[in-house]
Amino acid sequence: MLRAPGTNCDEETAHAFALAGGVPERWHVNRMLDEPKRLNEFQVLCIPGGFSYGDDLGAGRILGNQIQHHLANALESFRESGNLILGICNGFQVLLKTNLLAPADERGPTATLTLNDSGRFEARWVRVGVEPGKCVFLSGIQEMELPVAHAEGKFVVRDEAVLQQMAAAGQLVLKYRAIADCGTQRVPGIADLSKQSEIRNPKSEIESSVPYPENPNGAMGDVAGICDATGRVLGLMPHPERIVDPTQHPRWTREPRRDAGDGLRVFQNAVRYFL
Amino acid sequence: MLWEIDIHSADHPSGGARQADRAGERVAAAARELGLADNLRVTTARGFLVQGQSLDKSSIVRLANELLVDAVVERAVIGTVGNASLTDCGLRHPEGTRDCGLADGSSNPKSEIRNPKSSVPTVTVLLKPGVMDPVAQSALMAAADLAIHPEAIATLRKYWIDGADDAQIETIGRKLLANDAIEQVFFGPLELQRLEVGHPYKFELRTIALRDLNDDALMRLSREGQLYLQLAEMQTIQRHFRELGREPSDAELETIAQTWSEHCSHKTLAGRIAYRDEHGERHFENMLKETIFAATREIRERLGSDDWCVSVFEDNAGVVRFDNEFNLAFKVETHNHPSALEPYGGANTGVGGVIRDVMGTGLGAKPIASTDVFCFAPPDLGLKRAGASPPPIGAEDGPARSDSAETLPAGVIHPRRVMRGVVEGVRDYGNRMGIPTVNGAVYFDVRYLGNPLVYCGNVGLLPRDKSYKRAEPGDLIVTVGGRTGRDGIHGATFSSAELTSHSEHLSGGAVQIGNAIEEKKVLDVLLAARDRGLFHAVTDCGAGGFSSAVGEMGEKIGVEVHLDRAPLKYEGLSYTEIWIAEAQERMVLAVPEDRWPELDALCQSENVEATVIGRFVPTGRLQLFYNGERVADLAMQFLHKGRPPVVRQAVYERLRIAAPRGYPGLRIDPPNPQSEIRNPKSPDHTATLLRILASLNVASKEWIVRQYDHEVQGGSVVKPFVGAANDGPSDAAVLRPVLGSRRGVVIACGMNPHYGDFDPYHMAASAIDEAVRNCVAVGADPQRIAILDNFCWGDCERPETLGSLVRAAIACHDVAIALGTPFISGKDSLNNEFSYTDSTGQRQTIAIPSSLLISAMGQVEDVSRCVTMDLKQPGNLLYLVGETRDELGGSHFNLVNDLQGGQVPTVNPERACRTFAAVHRAINSGLVRACHDLSEGGLTVAAAEMAFAGGFGARIEIDAMPASTAIDSPSVRLFSESNTRFLCEVLSERADEFERVFSGVPSARIGEVVADERLVIAAGGTKLIDAGIAELKHVWQGSLGW
């Protein structure tokens, strides 16, 4: 776990890895900057959620810059050696500011995570559809119900071509899913009445087809998470570490008993990859 | 060179991605709401001012591109301050432009700014010099990574406002865009040469000649020096220095004022009080000790060896046993006056402050949950009514109503702005700290205008062997965390004074802005240092700054502090300012000399500043030095024990509430408990239910709650919202603070200021009952619930105001003992009044309603036994537990029907105790599928909430409900707010078992869950309520669905 000032999901993420059979260590970024070679002692690098450096200059910007200026080679060779990198929420925001997930091209950065369409921080539960492709973390998973908690989680690409390339490369592994797609019934609330009654029909892939609040931030292409071309680096806005125990589910008191939370499989996949 | 970087949102191919336009739209909408201007077109930018001798254009462009601008969605305009291009580019930029537009005046090669409307007026908002600017601090630090080293950076917000005249823009700038307490507004192009970075301080010892002052002059000194001490206290100080044969230094006088302030010493409630009510007279030597503390002492004695209280009313927070390894700490604070002046900063630092309280408990607890309770005036006060929304309650229509916020008294920030600011302040601190905000409430009453209440609570987890602390002689005094600046000077004394319409000018310095990440950094190293045993004691720097923190820690030893050694944010602070400033995010540690090197290294490794500023010395004196010169030398004995006792008079009489009138837009109807309830003619119960659901106190607070991260730390078990669509209102929050364990902590609260208008005794009893029953409703063990009191009252120099408080405290004593729920911590905030001059030139004072918040912390052995309030399955039975009485006084039934009078709800503590035990047994045995407490709106509201949360209907017959005496009126059965009642959903095959558990406790089967999505409540076969659950939910979500 790479933590920085303002990282605040490191303990429960470490707990999730430990539940999955991993042996997590939490390292301050200063220690990593002092001893970048020691990254090779690990198999998985996780950048957990929080507000690194307060997100004062944009979500993940300062830690992303530090990595880009001082640790880019170390992380690159870490990945090349067949290891895994996971960025959750703020960690996803950080990874996007490096070149590990969506590298910049000659025209500059290609993708970002920016202020939610609602204009504010929101914590709520979403369903994400999973197309794992070669993404190690998501192997064998079709759908998850996970919490999001962020203000800057709207995935935005520079132009449609970027999204098409990512889609073609199988990088768009996690997408928000509409409740109607999940066959769940419920009493409509304010949010339902104020949105269009039918699922929007997107004009292009770049638009979101899942309405608010199921797509909680207006992300383009309803993208909740992407992996890199190798499938060994994953960044996602929802928090799988917050649903590793059955009682973390928002409806555990009314639905059939679960053995574990949806999110645990993400961590189990990572650990099993090395067994 | 002073550069400006303006950052605009770029157009984007997806359309709709322009966030800045949305910010502009929000400004335009707010201006319309507040009646300042219609049909504005507002464009916004955020920006930075960057100052540096050697900064050339290329490094500024690099700074912008690589650090400040998100090139996918933003673009920058750069120039030296004052350059015309910076003001020109307001109204939209050409599509697809993403490079930085360079506009330094000398070269503008691409001329990308194609703004046809350069005449659109601009407003620029900057923080005042010296106000905390975390973003600028981060930018300075991160710039160093790029090998760019500016001297100073400041942030700004910029607005281009089209469609308003100069006068309107001036008003919008001052009322809407900026807060004068912390910000400065510039109209038109910025004319700024350089950023203010402070001036060197020249030492000069200041003494205050008070030995020869007469009483009038003493009081003038108290007032004008913002000491806010009373005459007897000033006289005592005078006598003390006459005996010493010298005049006090300013630092000495300030230290005494801080230590003796109401905020720090609670001298009113912990003082002598002569109290009189209908039972006669009673004399208190120490009112709190003889009521609230006494209850705890009695409960602990009764528990004997099973006593689970650990440290109560001693440390910064109350501490109780959790399991074999850990204790729990809980503290609730208020930050009312700062929030009245600057809602965002006040609430922000309120959260930060109570978190530090918990961090400073024992040897440092880890904060695991936050709570927040707010009291506001109705957010639509004096505003145009929105078309379709249901009628808001509490701000009734009246002839005095006006269309403009301008009709509110001067010095008042509009309640809507207060509410938004407070919510955002709480949100930004708690979320950044990574502490889940899990429980809270919001109450509305017009009397909170000008003096809103902001209660912030925090729960911490503390290893059992780290629960006590003691500084030792010889220990170093170490300050850790943020630097000291001029922020928050006189916060402690100011909070003990009454607010007036001039407070915003007088006390601007009392406002603080927080930096949550600084506090998170301190927390990270503090817990590591605790576990390595690197210090003997810790406390937080709160009100009174070093003065309070160091003074308290060294009370029993003596201290020697070198103020020049404290790290400062900027030059120019005098020794007294350093001593009393309330700069945030600082902790003070007592560190044995041989552990200091390790602590120092630990702090450095995580970029946390730690500095030795003095030493605990066995002198019994408080001695301050600046550059070796002695600036204060006080005996600890005088400082902590020298305050003269004052006997205050307290009288309780049946209601006499001042009703200030004479100001347009403000109508306060004093409740009149003596009068009988007029029954509404041909009552429409369904309409009443809908109006209660829509009323501000009852309506869904989802808009607020969703802005708080309530799941961080991964222990969430029962969330604030539950049910089929995750949007039903939970009674209490449950979390697992130790991830490897099944044991849970339960957090809830109870409060009802309306009841206090009738009788503060019953208000307090009801609040305790409500807090406890909320805990019990989710599964907490009623024998393991600790409670906290927070009294927010008006001016207690008035005997009848103090009398109503004493009466509430007596109820706290009686009910806590009967229920076995010890008080473990508490706080009071007095003088919550707002004075203004009305339109006829008369001085008016609004006192808040007596507001007692009870917070409760319960425990569950195994969280998998917890239940939630949403109906689970058609066919299950509904049981009403508890007795219904004719208690509509202060009820929401009265409120929405504009009725007065009636009996306020009371508590039968002995029966409550048995009822809570039975409910717990039933839940713990797995007999209960859903459980909800009955509070505002009584049975009908509870049933409606359970139904729409679960997505099922319910059919209820009220004839069978347990009632004290024959109740004829269906209104009473439906809407009475009698305490100690629950509605439980039970599997039909376990009904017998359930009924056996409740033998001897009032309970009755009153209905069942049905698949049909309607709530039907009937009496004797006649339908009284019949409504679709979708409609009920829609109305409930509508009022505050911002």
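Relevant structure appears above.
Reference entry: report on the structure contained in this document. Within any chain, residue numbers begin from 1 and follow the written order of that chain's sequence. Lettering of chains starts at A and numbering of ligands starts at 1, both following the order in which they are written. The predicted origin of the model limits local features to residues at a pLDDT of at least 70 and limits the giving and counting of side-chain atom pairs to 80 or more, whereas totals for whole chains, interfaces and linings rest on all residues. The basis for every side-chain value is the complete set of non-hydrogen atoms in the structure, without hydrogens or water.

**Points about the side chain of A:Gln66**
Moving on, step 1. The helix count covers DSSP runs of H or I at least four residues long, the strand count covers runs of E at least two residues long, and both are numbered beginning at the N terminus. Following the sequence through the fold, A:Gln66 ends up in helix H3 (residues 61–80).
Moving on, step 2. Here A:Gln66 falls in the buried class, since its relative accessible area comes to 8%.
Moving on, step 3. Setting aside its immediate chain neighbours within four residues, A:Gln66 contacts A:Val29, A:Leu33, A:Tyr53, A:Leu71 and B:Asp145. Partly exposed describes any residue whose relative accessible area lies between the buried limit of under 20% and the exposed limit of over 50%, with all areas from a 1.4 Å probe on protein chains only and scaled to the type maximum. Residue contacts follow a heavy-atom distance rule, with two residues in contact if any of their heavy atoms lie within 4.5 Å.

**Regarding helix H7 (residues 231–244) of chain B**
All names here are of chain B.
Moving on, step 1. Expected span, for any helix, means 1.5 Å times one less than how many residues it has. Compared with the 20 Å implied by 1.5 Å per residue over 14 residues, the 20 Å span of H7 between its first and last C-alpha is a close match.
Moving on, step 2. Within H7, the full set of buried residues consists of Glu233, Met234, Thr236, Ile237, Gln238, His240 and Phe241.
Moving on, step 3. Close packing links the buried residues of H7 with helix H6 (215–224), helix H8 (250–260), strand E23 (629–635) and helix H20 (636–641).
Moving on, step 4. Positive backbone phi, at 75°, marks Gly245, one or two positions downstream of H7.

**Some thoughts on the pairing of strand E33 (residues 843–847) of chain B**
Residue and element names in this part refer to chain B.
Moving on, step 1. Side-chain alternation along E33 places Gln844 and Ile846 on a buried face and Arg843, Thr845 and Ala847 on a face that remains uncovered.
Moving on, step 2. One bridge is not enough; two strands pair if DSSP finds at least two bridges between them. As paired elements, strand E32 (residues 833–837) and E33 share five bridges and run antiparallel to each other. Within E33, the position partnered with Thr837 by the bridge is Arg843.
Moving on, step 3. Two successive antiparallel strands, E32 and E33, enclose a turn made up of five residues, where Gly841 displays a positive phi of approximately 90°.

**Considerations on the packing of helix H21 (residues 685–694) of chain B against helix H31 (residues 1029–1038) of chain B**
Residue and element names in this part refer to chain B.
Moving on, step 1. Inter-axis angles, ranging from 0 to 180 degrees, are taken between N-to-C directions of lines fitted to C-alpha atoms, where helices are fitted over the stretch in contact. Where H21 meets H31, the closest approach of the two axes is 7 Å, and the angle between their N-to-C directions is 40°. Like other packed secondary-structure pairs, H21 and H31 cross with a definite hand, here right-handed. Two secondary-structure elements touch here, H21 through Leu689, Leu690, Leu693 and Ala694 and H31 through Glu1031, Leu1032, Val1035 and Trp1036.
Moving on, step 2. Split into classes, the residues belonging to the contact of H21 with H31 amount to seven nonpolar, no polar and one charged. Two helices that cross are described as forming a left-handed crossing if the nearer one is turned anticlockwise from the farther one by less than a right angle, and a right-handed crossing if clockwise. Residues are grouped as follows: Ala, Val, Leu, Ile, Met, Phe, Trp, Tyr, Cys and Pro are nonpolar; Asp, Glu, Lys and Arg are charged; all remaining types, including Gly, are polar.

**Considering helix H10 (residues 287–303) of chain B**
Residues and elements named next belong to chain B.
Moving on, step 1. The terminal C-alpha atoms of H10, which comprises 17 residues, lie 24 Å apart, in line with the 24 Å expected from a rise of 1.5 Å per residue.
Moving on, step 2. Bend, in this description, refers to the angle at a residue between axes fitted to the seven residues ending there and the seven starting there. At Ala294, H10 shows its strongest bend, of approximately 45°.
Moving on, step 3. Regarding H10, the residues found buried are Met287, Leu288, Thr291, Ile292, Ala294, Ala295, Thr296 and Ile299.
Moving on, step 4. Of the surrounding elements, those touching the buried residues of H10 are strand E8 (272–277), strand E9 (280–284), strand E30 (786–792), helix H25 (799–819) and strand E31 (823–829).
Moving on, step 5. The term polar contact refers here to a pair of N or O atoms within 3.5 Å; inside protein, the definition further demands a hydrogen-donor-capable atom paired with an acceptor-capable atom, and it admits residues adjacent in sequence only when both atoms are side-chain atoms. Sitting at the amino-terminal end of H10 is Asn286, which places a side-chain oxygen 3.3 Å from the backbone nitrogen of Leu288.

**A short note on the interface of chain A and chain B**
Interfaces are often described in size by the accessible area the parts lose on coming together.
Moving on, step 1. Across the boundary between the two partners, chain A contributes 63 residues, which contact 82 residues of chain B.
Moving on, step 2. Summed over both partners, the accessible surface that disappears when two parts come together, traced with a 1.4 Å probe, is what is meant by buried area. When the two sides are added together, the surface that chain A and chain B hide from each other amounts to roughly 5900 Å², 53% of it contributed by carbon and sulfur.
Moving on, step 3. Each reported salt bridge corresponds to a side-chain nitrogen of Lys or Arg within 4 Å of a carboxyl oxygen of Asp or Glu. If you look at where chain A meets chain B, you find seven salt bridges.
Moving on, step 4. In this structure, B:Asp870 engages A:Arg254 in a salt bridge whose closest nitrogen and oxygen atoms are separated by 2.6 Å.
Moving on, step 5. Put simply, chain A and chain B have 30 residue pairs in polar contact (both at pLDDT 80 or more) between them.

**Observations regarding the packing of aromatic side chains**
Moving on, step 1. Ring geometry is summarised as follows: Phe, Tyr and Trp rings, the Trp one being its six-membered ring, pair when their centres sit within 6.5 Å, and such pairs are stacked at plane angles under 30 degrees, edge-to-face over 60 and tilted between the two. Using the criterion set out here, one finds 20 aromatic pairs over all chains in the structure.
Moving on, step 2. Ring geometry for A:Trp27 against A:Phe42: centres 5.7 Å apart, planes inclined by 85°, an arrangement best described as edge-to-face. One end of the pair, A:Trp27, is in strand E2 (residues 27–28); the other, A:Phe42, is in the loop between helix H2 (29–34) and strand E3 (44–47), and 15 residues separate them in sequence. For the pair A:Trp27 and A:Phe42, a shared accessibility class is recorded, and that class is buried.
Moving on, step 3. Residues B:Tyr879 and B:Phe994 carry aromatic rings whose centres are separated by 4.7 Å and whose planes lie at 45° to one another, so their mutual orientation is tilted. With a gap of 115 residues between them, B:Tyr879 in strand E35 (residues 877–881) and B:Phe994 in helix H30 (residues 991–997) connect regions that are remote in the sequence. No difference in accessibility class separates B:Tyr879 from B:Phe994, as the two residues are buried.
Moving on, step 4. Taken together, the aromatic side chains of B:Tyr201, B:Phe203, B:Tyr575 and B:Tyr626 make up a single cluster linked through ring pairs.
Moving on, step 5. Charge-over-ring contacts are defined here by two conditions on Lys NZ or Arg CZ: a distance within 6 Å of the ring centre and an angle within 35 degrees of the ring normal. One Lys or Arg, B:Arg586, reaches over the ring of B:Phe546 and ends 4.4 Å from the middle of that ring.

**Overview of unusual backbone geometry**
Moving on, step 1. Across the junction of A:Tyr212 and A:Pro213, the peptide omega takes the value 5°, indicating a cis bond.
Moving on, step 2. Mapped onto the fold, A:Pro213 is located in the loop between helix H6 (190–194) and strand E10 (223–227).
Moving on, step 3. At B:Tyr228, a residue that is not glycine, the phi angle is positive and equals roughly 50°.
Moving on, step 4. As for its position among the elements, B:Tyr228 is in the loop between H6 and H7.
Moving on, step 5. Residue classification places B:Tyr228 among the partly exposed residues on the basis of a relative accessible area of 23%.

**Observations regarding the nonpolar core**
Moving on, step 1. B:Leu693 and B:Phe994 are the most contacted members of the largest nonpolar core, which has 129 residues in total.
Moving on, step 2. Per element, the largest residue contribution to this core is 12 residues, and it comes from H25(B).
Moving on, step 3. Excluding residues that lie within four positions of it along the chain, B:Phe994 makes contacts with B:Tyr879, B:Val881, B:Ala922, B:Leu927, B:Val928, B:Cys984 and B:Val986.
Moving on, step 4. Grouped together as the second largest cluster of nonpolar side chains are 102 residues, A:Leu75, A:Val223, A:Ala270 and B:Leu146 included. Only buried Ala, Val, Leu, Ile, Met, Phe, Trp, Tyr and Cys residues count toward a nonpolar core, and they belong to the same one when joined by side-chain atoms within 4.5 Å.

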